[in-house]
Amino acid sequence: GAAACPRRGFAVAVLGAAGGIGQPLALLLARSPLVASLRLYDVRGTRGVAADLGHLDGGAAVSAHEGPAELAPCLEGCDLVLVPAGVPRKPGMTRD
């Protein structure tokens, strides 16, 4: 049989967590039983997202990290880092 996992779940960081893709991604991860620690990082806006996710019952422990000084602490000990970050398109820009 498979060996038992000695811990509850994974430590996951979302870089770009305050954006249009990062927010719903963070919600899904916070609800996953596989995620024990969810670290949210962006240049700004993560504290509000973390506060919202903190109201979920039985989800992952959520922490907010903003700005360059908080990037290293956010990533320390992570098992998985997801980067949905990017720059929004300006009017007239295409995906080409």
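Summary of the structure given here. (Residues numbered from 1 in each chain as written. Predicted model: local features only at pLDDT ≥ 70, side-chain atom pairs only at ≥ 80, totals over all residues. Heavy atoms only, no water.)

### Considerations on the overall build of the protein chain
The helix and strand tally for the protein chain stands at three helices and four strands. The linear arrangement of helices and strands in the protein chain, starting from the amino end, is β-α-β-α-β-α-β. By residue count, 31% of the 96 residues in the protein chain fall in the buried class. Of the contacts formed within the protein chain by residues at least 6 apart in sequence, a portion of 69% connects residues at least 24 apart. Summed over its atoms, the accessible surface of the protein chain is roughly 6300 Å², and 60% of this surface lies on carbon and sulfur atoms. Distance between charge centres in the protein chain, computed from 9 positive and 8 negative side chains, equals 4 Å. (Helix = DSSP H or I, 4+ residues; strand = E, 2+ residues; numbered from the N terminus. Buried < 20%, exposed > 50% of the residue type's maximum accessible area, 1.4 Å probe, protein only. Contact = heavy atoms within 4.5 Å. Areas by Shrake-Rupley, 256 points an atom, 1.4 Å probe, with all protein chains shown as cover. Lys, Arg positive; Asp, Glu negative; His and termini not counted. Charge placed at Lys NZ, Arg CZ, Asp CG, Glu CD.)

### Here we look at a nonpolar patch on the surface
Where nonpolar side chains cluster on the molecular surface, the patch consists of Leu 75, Val 81 and Val 83 and spans about 230 Å² of accessible area. Mapping Val 81 onto the fold places it in strand S4 (residues 80-82). (Patch = residues over 30% accessible without salt bridge, like charges linked within 9 Å, V, L, I, M, F, W, Y side chains within 5 Å. Salt bridge = Lys/Arg side-chain N within 4 Å of Asp/Glu carboxyl O.)

### A word on the state of the cysteines
Enumeration according to the criterion identifies zero disulfides in this entry. Free of any disulfide, Cys 74 has its nearest neighbouring cysteine sulfur in Cys 78, separated by 5.7 Å. (Disulfide = S-S within 2.5 Å.)

### A few points about the pairing of strand S1 (residues 10-15)
Counted residue by residue, S1 has five buried out of six residues, so it is predominantly covered. Pairing geometry for S1 and strand S2 (residues 35-42), over six bridges, is parallel. Bridge pairing in S2 places Phe 10 opposite Val 35. Taking the sense of rotation as the criterion, the β-α-β connection linking S1, helix H1 (residues 22-31) and S2 turns out right-handed. One ladder, built from three bridges, connects S1 with S4; its direction is parallel. Residue pairing in the sheet places Val 14 in a bridge with Leu 82 of S4. (Pairing = 2+ DSSP bridges. Right-handed = clockwise from strand over helix to strand, strands pointing away.)

Worth remembering: the numbers are spatial, not functional.
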